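Structural features, examined
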Amino acid sequence: AQSVSQHNHHVILSEAASLELGCNYSYGGTVNLFWYVQYPGQHLQLLLKYFSGDPLVKGIKGFEAEFIKSKFSFNLRKPSVQWSDTAEYFCAVLYNQGGKLIFGQGTELSVKP
Amino acid sequence: DTGVSQDPRHKITKRGQNVTFRCDPISEHNRLYWYRQTLGQGPEFLTYFQNEAQLEKSRLLSDRFSAERPKGSFSTLEIQRTEQGDSAMYLCASSRNLLGGGRKETQYFGPGTRLLVL
């Protein structure tokens with residue numbers, strides 16, 4: 001079955017710390033990969049996406065993610081987090097050009113000022 | 001783009017009542033999706049449309065749920081005989097899917113309708 005797993009349910013960091021959030025997906029052929037972010041009280045927003053080409057993709061607000069096909073992973077990184085990065089982060093996969101997104105459980109990030 | 005809009009934003013109902021939610025996609029987006037999200041979980045796919053056609057329904061979608069997109073623009077999601085287990089956030093998303101361009105489809109989400117069934 002197609003599934004997406006996010007390793008950490010809740011991450012707490014201090015400002016300026018580096019961030020890496022894990023995302024693994026089950027094998028299922030061709031994939032498009034996404035990270036969405038949900039700030040408190042706001043709706044899901046696209047952070048970055050991977051369709052093809054360079055496996056290192058850059059998104060908004062200094063975030064980046066690396067697609068490692070051999071590991072079925074698409075980890076999200078940011079070298080230095082800010083208090084304003086406090087939010088819930090969701091990894092999502094689109095398999096085989098199908099319509100629906102399969103989401104991970106989400107990781108809640110809390111950044112202490 | 002004005003973004004995806006959903007109405008109402010909140011709905012409280014009693015068990016057994018019917019509820020209907022509306023979603024207006026980004027203009028010129030031909031695909032429209034419905035997801036459900038419960039606390040501590042990621043969104044879960046329910047169904048989606050390409051123009052007027054409903055292309056896929058989740059097996060999780062009981063026959064109490066029905067969705068329509070009659071003119072290929074806005075969509076409605078109706079839940080009949082609501083149950084407490086239906087309490088969740090119902091999310092709508094839209095995308096522009098071009099023939100042969102499916103690999104580059106990006107879904108944009110609305111603010112959701114939060115349903116509480118008492």
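Residues numbered from 1 in each chain as written. Chains lettered and ligands numbered in written order. Predicted model: local features only at pLDDT ≥ 70, side-chain atom pairs only at ≥ 80, totals over all residues. Heavy atoms only, no water.

1. Some details on the sheet that holds strand β1 (residues 5-7) of chain B
Residue and element names in this part refer to chain B. Where we set the bar: Should DSSP find at least two bridges between two strands, the strands are regarded as paired. Note on conventions: DSSP H or I runs of at least 4 residues are helices, E runs of at least 2 residues are strands, and numbering of each starts at the N terminus. Geometry is summarised by axes, namely lines fitted to C-alpha atoms with helices restricted to the contacting stretch, and by angles between N-to-C directions that run from 0 to 180 degrees.
Judged by pairing direction, the sheet is antiparallel, and its four strands sit side by side in the order β1-β3-β8-β7 without closing on themselves. Looking along the sheet, the strands with just one partner apiece sit at the ends: β1 and β7 (65-68). Between one strand axis and the next, the sheet turns through 15° on average, direction left out of account. Across five bridges, strand β3 (residues 19-24) lies against strand β8 (residues 75-79) in antiparallel orientation. Within β8, the residue paired with R22 across the bridge is T76.

2. Examining the state of the cysteines
Filter applied, for reference: Disulfides are defined in this document as cysteine sulfur pairs within 2.5 Å. Partly exposed describes any residue whose relative accessible area lies between the buried limit of under 20% and the exposed limit of over 50%, with all areas from a 1.4 Å probe on protein chains only and scaled to the type maximum.
Evaluated as defined, the whole model comprises two disulfides over all chains. Disulfide pairing places A:C23 opposite A:C91 at an S-S distance of 1.9 Å. Residues A:C23 and A:C91 are joined through a disulfide that is left-handed, its torsion about the S-S bond being -65°. Taken as a pair, A:C23 in strand β4 (residues 23-25) and A:C91 in strand β10 (residues 87-95) lie far apart in primary sequence, 68 residues in all. When its relative accessible area of 0% is taken as the criterion, A:C91 is described as buried. A disulfide bridge connects B:C23 with B:C92, and the sulfur atoms are separated by 1.8 Å. Around the S-S axis, the bridge from B:C23 to B:C92 shows a dihedral of about -70° and counts as left-handed. Note that B:C23 is positioned in strand β3 and B:C92 in strand β9 (residues 88-95), a separation of 69 residues in sequence. Each member of the pair, B:C23 as well as B:C92, carries the same accessibility label: buried.

3. Section: the nonpolar core
Counted only if it meets this: For the purposes of this section, nonpolar cores are sets of buried Ala, Val, Leu, Ile, Met, Phe, Trp, Tyr and Cys residues that join through side-chain atoms within 4.5 Å. We call two residues in contact whenever any of their non-hydrogen atoms come within 4.5 Å of each other.
A:Y25, A:L33, A:W35, A:L48, A:F74, A:L76 and A:Y89 are the most contacted members of the largest nonpolar core, which has 30 residues in total. Examining the composition of this core, we find that five residues originate from one element, β10(A), more than from any other. Apart from the residues within four sequence positions on either side, A:Y25 is in contact with A:S3, A:V4, A:V31, A:L33, A:F67, A:K69, A:F72, A:S73, A:V93 and A:Y95. Core analysis: the next-biggest nonpolar cluster, separate from the first, contains 19 residues, B:F21, B:W34, B:I79 and B:Y90 among them.

4. Some details on the interface of chain B and chain A
Interface size, as often reported, equals the accessible area lost upon joining of the parts. We apply this condition: When two components associate, each loses some accessible surface as probed by a 1.4 Å sphere; the sum of these losses over both components is called the buried area. Salt bridges are counted wherever a side-chain nitrogen of Lys or Arg sits within 4 Å of a carboxyl oxygen of Asp or Glu.
Taken together, the contacts link 22 residues of chain B with 22 residues of chain A. At the boundary of chain B with chain A, total buried surface from both sides reaches about 1800 Å², with 54% on carbon and sulfur atoms. Joining chain B to chain A, the criterion identifies one salt bridge. Tallying contributions element by element places strand β4 (residues 31-37) of chain B first for the side of chain B that touches chain A, with four residues.

5. Things to note about the environment of B:S87
Residues and elements named next belong to chain B. Operational definition: N or O atoms closer than or at 3.5 Å make up a polar contact, with two conditions inside protein: a donor-capable atom paired with an acceptor-capable one, and, for residues adjacent in sequence, both atoms drawn from side chains.
As for its position among the elements, S87 is in the loop between β8 and β9. Sequence-wise, S87 and L116 are 29 residues apart; in three dimensions their C-alpha atoms are separated by 4.7 Å. In this structure, S87 is in contact with T38, L115, L116 and V117, ignoring residues within four places of it in sequence. At 3.1 Å, the side chain of S87 forms a polar contact with the backbone oxygen of Q84.

6. Thoughts on the environment of B:H10
Secondary-structure assignment places B:H10 in strand β2 (residues 10-13). Linking B:H10 and B:M89, residues 79 residues apart in sequence, is a C-alpha distance of 8.9 Å.

7. Quick look at the pattern of salt bridges
By the definition in use, this model includes 10 salt bridges over all chains. Of the charged contacts, one joins A:E64 and A:R77 as a salt bridge, the two residues approaching to 3.5 Å between their closest N and O atoms. With A:E64 in strand β8 (residues 64-68) and A:R77 in strand β9 (residues 73-78), this residue pair connects regions lying 13 residues apart in the sequence. For A:E64, a relative accessible area of 18% gives the class buried. Between B:R64 and B:D86 there is a salt bridge whose closest N-O contact spans 2.9 Å. Pair noted here: B:R64 is in the loop between β6 (53-57) and β7 and B:D86 is in the loop between β8 and β9, with a separation of 22 residues, a long-range link. Note on B:R64: relative accessible area 9%, which makes it buried. Each of the salt bridges in this network shares a partner with another, and the network as a whole consists of A:K58, A:E64, A:E66 and A:R77.

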